[in-house]
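# Structural overview for review
Single-letter residue listing:
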Amino acid sequence: MNWDDYEGIWRRQELPTGAGADLTLIRATFESKRRKFKATLLVRDITEGLLGVLAALGLLGYAWSIGKTGWPIAVGALLILGVALVFVRDFLRRRRLRLGPQVPLLVKLDAEISELHHQRRLLSHIGIWYFLPYLAALVLIYTTVFRRLGIKLPSELLIALLTTPRSAVFIYLIVAVVVASLWLVWRDARDAGKTRIDPRIRELEKMRRDLFGVADNPGD
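A short tour of the structure in this document, coming up. These figures come from a predicted structure and were not determined experimentally.

### Let's talk about the pattern of salt bridges
One pass over the full model with this rule turns up 13 salt bridges. Between arginine 93 and glutamate 115 there is a salt bridge; the shortest N-O distance is 2.8 Å. Note that arginine 93 is positioned in helix 3 (residues 71–97) and glutamate 115 in helix 4 (residues 105–124), a separation of 22 residues in sequence. Arginine 93 sits in the buried class, given a relative accessible area of 16%. Of the charged contacts in the structure, one is a salt bridge between arginine 120 and aspartate 198, with a shortest N-O distance of 2.9 Å. Of this pair, arginine 120 sits in helix 4 while aspartate 198 sits in helix 7 (residues 165–211), and the two are 78 residues apart along the sequence. Linked through salt bridges whose partners overlap, the residues forming this network are Arg44, Asp45, Asp90, Arg93, Arg94 and Glu115.

### As for the packing of aromatic side chains
Per the counting criterion, the structure on display carries 5 aromatic pairs. Ring geometry for phenylalanine 87 versus tyrosine 130: centroids 6.1 Å apart, planes at 85 degrees, classification edge-to-face. Here phenylalanine 87 is found in helix 3, whereas its partner tyrosine 130 is found in helix 5 (residues 126–149), with 43 residues between them in sequence. Here phenylalanine 87 falls in the buried class, since its relative accessible area comes to 2%. For tyrosine 130, a relative accessible area of 0% gives the class buried. Measuring from ring centre to ring centre gives 5.5 Å for tyrosine 130 and phenylalanine 131, while their planes differ by 80 degrees; the resulting arrangement is edge-to-face. As far as the burial class goes, tyrosine 130 and phenylalanine 131 line up, both buried. Taken together, Phe87, Trp129, Tyr130, Phe131 and Tyr134 form an aromatic cluster joined through their ring pairs.

What counts, and at which threshold
Residues numbered from 1 in each chain as written. Predicted model: local features only at pLDDT ≥ 70, side-chain atom pairs only at ≥ 80, totals over all residues. Heavy atoms only, no water. Salt bridge = Lys/Arg side-chain N within 4 Å of Asp/Glu carboxyl O. Helix = DSSP H or I, 4+ residues; strand = E, 2+ residues; numbered from the N terminus. Buried < 20%, exposed > 50% of the residue type's maximum accessible area, 1.4 Å probe, protein only. Phe/Tyr/Trp six-rings, centres within 6.5 Å; stacked < 30°, edge-to-face > 60°.

Here is the structure:
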């Protein structure tokens, strides 16, 4: 699992201008950007959804093979499966709502705006439905595997490490770096909605108003 994969979908999109974009350019690039957006979503759903399902099934099989002591691994596998099914569900939803090539431009435009709003909601809650389940799953899986392998620090050694100034600083520094890295990845994924999705929505809404002959408000 690579936490940057989900955010990478937005980095592969050209940074939109927003409401100040030229209408002629918006119209000229609408279809190509729409196809690229669909393609990157498809790649995301295949990698995150399919690989997540396969990983969860493999972990469930391993948990079953080791018996009762493998229940934490099974719980972790179910958490991973839950995240993967979010992407599977999103793929099936888009497949159900896909439009034919002959539909009017306005229908395509409304569908694209609706899809962008949907992806914006997913990104805004990514910490809850993506990061937390994966982190919990990794803790459950690795602690169980380490326990089975007999990898365990003696309590005296652990206390000594945490109370010795040099080793304690080193341990706390590692924890701080890990926490900071996860926070930065989460923040970048969240901010992708503000820097990429929101401006693109404003571009398409501007194009929609133009199709209806509605003049833009200079203050927008």
